[in-house]
Amino acid sequence: MVPDSAHMLVPAGEGRAIRIAAGELAHIIDEAGGQVVDTWAFCQQDISEFHSAEHTRASVGKLFPALGEAFVTNRRRPILRYEEDHSPGTHDMLIAACDPTRYEQLGFMGWHASCEENLRSAMAAVGHSDVCVPQPINVFMNTPFLPDGNVRWLSTRTGIGDSVTLRALLDIWLVASACPQDLIDINAKRGSIRVTVARGSEPVPRRLSDAS
Ligand SMILES: [Zn+2]
C-alpha cells in the first residue's frame, strides 16, 4: 500500500467523485487501456466555481494545455496543473459529455448510461445534488479537429495502465466518468478507471501493480 494516499475505482461505464486538497496529485489510470475518462473539477468551498474549458483555452492560447500549464475555472483561477502524461497524449476539451439525448439521437431505445448522469450521481453521492454539467476534460479521447474544421471520431489509443497526472491547485472535488459510449467508437475497449491521490512529495504509483 502507498501510505497516506487514496484510491478511487471507477467501474466501467460509471462515475465517482473524490476530494482532493490543493497541492495533491491525482493520477488517472486507464486500467485495461482503451477507455475515455470524462473529468471535471469543482471547488469544494463553492461548486459554482469549476474547471472551465472555454476559460482554459483563452488562458493557455490553445485547445488543450501543454504539460506544466494550468486549467482554470470559470472565474479564471488556476484549479489544476497538467503535471505528467504516460499515455499517447491525445486528449480533448471541445466535445460535450454524453447525455441521454445524445444516445436517443444515435438511435438507442430506452435508458443508456451517460457521463452527464454519472457526474450528477457522483456529486449527489458526496452531498451535491444540484450541479451544472461543464464541458469535461476528456482524458484519453482521440477526436482531432482537422484543418477544414471537421472532427474525426477515432478510438482512444491508450494501453494498459496508461495515465495522466493532474495537480490540484485548489481544494476540489474531482469527478471521473468511465465513458459508457458504445454506439460510436471513441472507446477502443470499455473498462475501469483508477484515480490515485497522493501528496506531491510522495511516490505516486504509475501502474496499478505498483500500489499493492
Ligand atoms: Zn461519455
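## Some details on the overall build of the protein
Part 1: Looking only at helices and strands, one finds three helices and ten strands in the protein.
Part 2: Reading the helices (α) and strands (β) of the protein from amino to carboxyl end gives β-β-β-β-α-β-β-α-α-β-β-β-β.
Part 3: Reported as C-alpha extents along the three principal axes, the dimensions of the protein are approximately 45 × 40 × 40 Å.
Part 4: Buried positions account for 42% of the 212 residues belonging to the protein.
Part 5: Taking the intrachain contacts of the protein between residues at least 6 apart in sequence as the baseline, contacts between residues at least 24 apart amount to 76%.

## Brief notes about the sheet that holds strand 9 (residues 172–178)
Part 1: Here four strands make up an open sheet; going across it, the order is 2-9-4-7 and the pairing antiparallel. Edge positions in the sheet fall to strand 2 (15–20) and strand 7 (137–139), since each of these pairs with one other strand and no more. The sheet shows a mean angle of 25° between the axes of neighbouring strands, direction not considered.
Part 2: Bridge count for strand 2 against strand 9 is six bridges, and the pairing is antiparallel. Across the sheet, the residue bridging to R16 is A176, located in strand 9.
Part 3: Across the sheet, helix 3 (residues 115–125) is in contact with strand 2, strand 4 (37–43) and strand 9; its angle to strand 2 comes to roughly 45°.

## Some remarks on the environment of M141
Part 1: Positionally, M141 belongs in the loop between strand 7 and strand 8 (162–168).
Part 2: Counting along the chain gives 46 residues from M141 to N187, while the straight-line C-alpha distance between them is 8.0 Å.

## What about unusual backbone geometry?
Part 1: In the Ramachandran plot, R76 falls in the positive-phi region, its phi being about 65° despite a non-glycine side chain.
Part 2: Positionally, R76 belongs in the loop between strand 5 (70–72) and strand 6 (78–86).
Part 3: Its identity as a non-glycine residue notwithstanding, F140 has a phi of 75°, on the positive side.
Part 4: Note on placement: F140 falls in the loop between strand 7 and strand 8.

## So, the nonpolar core
Part 1: Formed by 47 residues in total, the largest nonpolar core has its most connected members in A26, I28, V37, I172, L174 and V175.
Part 2: When residues no more than four places from it in sequence are discounted, the contact partners of I28 are V37, T39, V139, S163, V164, A176, I193 and V195.

## Let's talk about the confidence of the model for the protein
Part 1: With 91% of its residues at a pLDDT of 70 or more, the protein shows a mean pLDDT of 92.
Part 2: Considering only residues more than four positions removed or in separate chains, one finds that residues 204–212, a stretch of pLDDT under 50, has 19 contacts.

## Re helix 3
Part 1: Counting buried residues in helix 3 gives eight out of eleven residues, a clear majority hidden from the surface.
Part 2: Buried residues of helix 3: C115, E116, E117, N118, L119, R120, A122 and M123, and no others.
Part 3: Looking at the buried positions of helix 3, the neighbouring elements they touch are strand 2, strand 4 and strand 9.
Part 4: Within two residues after helix 3, G127 carries a phi angle of roughly 100°, on the positive side.

Procedures and definitions
Residues numbered from 1 in each chain as written. Predicted model: local features only at pLDDT ≥ 70, side-chain atom pairs only at ≥ 80, totals over all residues. Helix = DSSP H or I, 4+ residues; strand = E, 2+ residues; numbered from the N terminus. Buried ≥ 20, exposed ≤ 12 C-beta atoms within 10 Å, placed from the backbone. Contact = placed C-beta atoms within 7 Å. Pairing = 2+ DSSP bridges. Axes fitted to C-alpha atoms, helices over the stretch in contact; angles between N-to-C directions. Core = buried A, V, L, I, M, F, W, Y, C linked by C-beta atoms within 7 Å. pLDDT = per-residue confidence, 0-100.

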